[in-house]
Amino acid sequence: TKMNNIYDVYYLGAGMPMGLGYGAVNLYMTSLGDIPKTSYDGTYVVDDGDSFEYASRALFFSYGINAAKFFPNLENLKLGLSLKYINESLYENKANGLGVDAGILYSLNNLDLGFTILNLIEPQMAWNTDSGEKDIVQRKEKMGIAYRLNGNLTLAMDITLEQFENLIGYGAEYLINENFALRLGSFTNNYAFGFGFNYSNFNFDYAFIQPMESIIGNTHKVSIGYIFGAEANAAAPAVENKKEE
């Protein structure tokens with residue numbers, strides 16, 4: 001993604017069954033290059049004719065499990081936890097920090113309810129400067145709800161509770177058929193629409209985001225996914241049912 005036509009965002013992730021639940025590893029990277037290097041001559045800010053880059057990287061190790069593994073009556077409740085390592089670089093300086101995210105998901109018929117605490121353990125980004133300054137990544141909570149009206153239409157909304165403001169997002173997805181979906185939504189003064197397509201084990205998603213403020217550029221988001229062993233996994237329940245019979 002090139003957010004608002006200003007900075008780049010990259011994401012790579014993989015997940016698989018592991019032990020009693022599912023494990024995942026994810027890498028998230030952002031970069032903003034060609035920042036003009038300037039100095040102050042006592043009267044004016046002067047362009048030094050050079051530039052530098054800001055970059056941020058986050059590595060996540062995640063694990064999710066169905067609560068029914070421990071409490072048989074809670075088969076609709078899922079729990080997840082992520083340990084993350086964050087690295088930032090700005091000009092000649094770097095900072096590192098560790099944090100923890102946690103979340104729950106409850107599903108009942110056509111309704112999904114989710115709650116996440118980001119930075120449950122707040123990362124303290126310690127810079128390698130003479131002052132030893134630390135930036136604390138603030139905690140935030142996210143709540144979401146999704147409802148499937150029928151087999152084709154899903155409506156969703158989420159709320160992000162931050163220290164200085166609350167952000168609200170709305171969205172809808174309509175399945176044209178089992179391989180193609182249309183999506184529409186809005187969040188934080190942005191409008192978005194896109195589509196998703198899957199064929200065999202591949203899936204492809206695209207979204208176009210247009211901000212309400214005309215001075216900010218548009219955003220194109222593209223993602224590609226591949227499911228290994230999908231046919232084998234899909235056949236597993238039928239085999240288990242046959243054994244029970």
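See above for the structure.
Student: Help me understand the overall build of the protein chain, please; the structure alone is not making it clear to me.
Tutor: Broken down by element type, the protein chain carries one helix and 16 strands. Considered along the principal axes of its C-alpha atoms, the protein chain spans approximately 85 × 40 × 35 Å. Within the protein chain, the proportion of its 245 residues that are buried is 20%. Of the contacts made within the protein chain by residues no fewer than 6 positions apart, 34% connect residues no fewer than 24 positions apart. Computed over 16 positive and 28 negative side-chain charges, the inter-centroid distance for the protein chain is 7 Å.

Student: I tried to follow the pairing of strand 11 (residues 153–161) on my own but got confused; where do I start?
Tutor: Along any regular strand the residues' side chains alternate between the sheet's two faces. Bridging between strand 10 (residues 140–148) and strand 11 involves eight bridges; their strand directions are antiparallel. Note that in strand 11 the partner of Lys142 across the bridge is Thr160. Following strand 10, the chain reverses through four residues before pairing antiparallel with strand 11. Alignment of strand 11 against strand 12 (residues 166–177), held across nine bridges, turns out to be antiparallel. Paired with Leu155 across the strands is Ala172, a residue of strand 12. Hairpin remark: strand 11 followed by strand 12, antiparallel, with four residues in the connecting loop.

Student: Explain the packing of aromatic side chains to me, please; I cannot follow it from the model alone.
Tutor: Each aromatic ring pair is described using two quantities: the centre-to-centre distance and the angle formed by the ring planes. Throughout the structure, instances matching the rule amount to seven aromatic pairs. Note on Phe52 and Tyr91: the rings are 5.4 Å apart at their centroids and 65 degrees apart in plane angle, and the pair reads as edge-to-face. Pair noted here: Phe52 is in strand 4 (residues 45–66) and Tyr91 is in the loop between strand 5 (77–90) and strand 6 (93–108), with a separation of 39 residues, a long-range link. A relative accessible area of 22% means that Phe52 is categorised as partly exposed. Put simply, the rings of Phe180, Phe195, Phe204 and Tyr206 touch in pairs and so form one group of aromatic residues.

Student: Please clarify how unusual backbone geometry should be interpreted in this entry.
Tutor: Glycine aside, a negative phi is what most residues show, and trans is what most peptide bonds show. A positive phi angle, near 60 degrees, is found at Tyr91, a position not held by glycine. With a relative accessible area of 42%, Tyr91 lands in the partly exposed category. Residue Ser200 is not a glycine yet carries a positive backbone phi of 55 degrees. Looking at the element boundaries, Ser200 is found in the loop between strand 14 (190–199) and strand 15 (202–211).

The rules behind the values
- Residues numbered from 1 in each chain as written.
- Predicted model: local features only at pLDDT ≥ 70, side-chain atom pairs only at ≥ 80, totals over all residues.
- Heavy atoms only, no water.
- Helix = DSSP H or I, 4+ residues; strand = E, 2+ residues; numbered from the N terminus.
- Buried < 20%, exposed > 50% of the residue type's maximum accessible area, 1.4 Å probe, protein only.
- Contact = heavy atoms within 4.5 Å.
- Lys, Arg positive; Asp, Glu negative; His and termini not counted.
- Charge placed at Lys NZ, Arg CZ, Asp CG, Glu CD.
- Pairing = 2+ DSSP bridges.
- Phe/Tyr/Trp six-rings, centres within 6.5 Å; stacked < 30°, edge-to-face > 60°.

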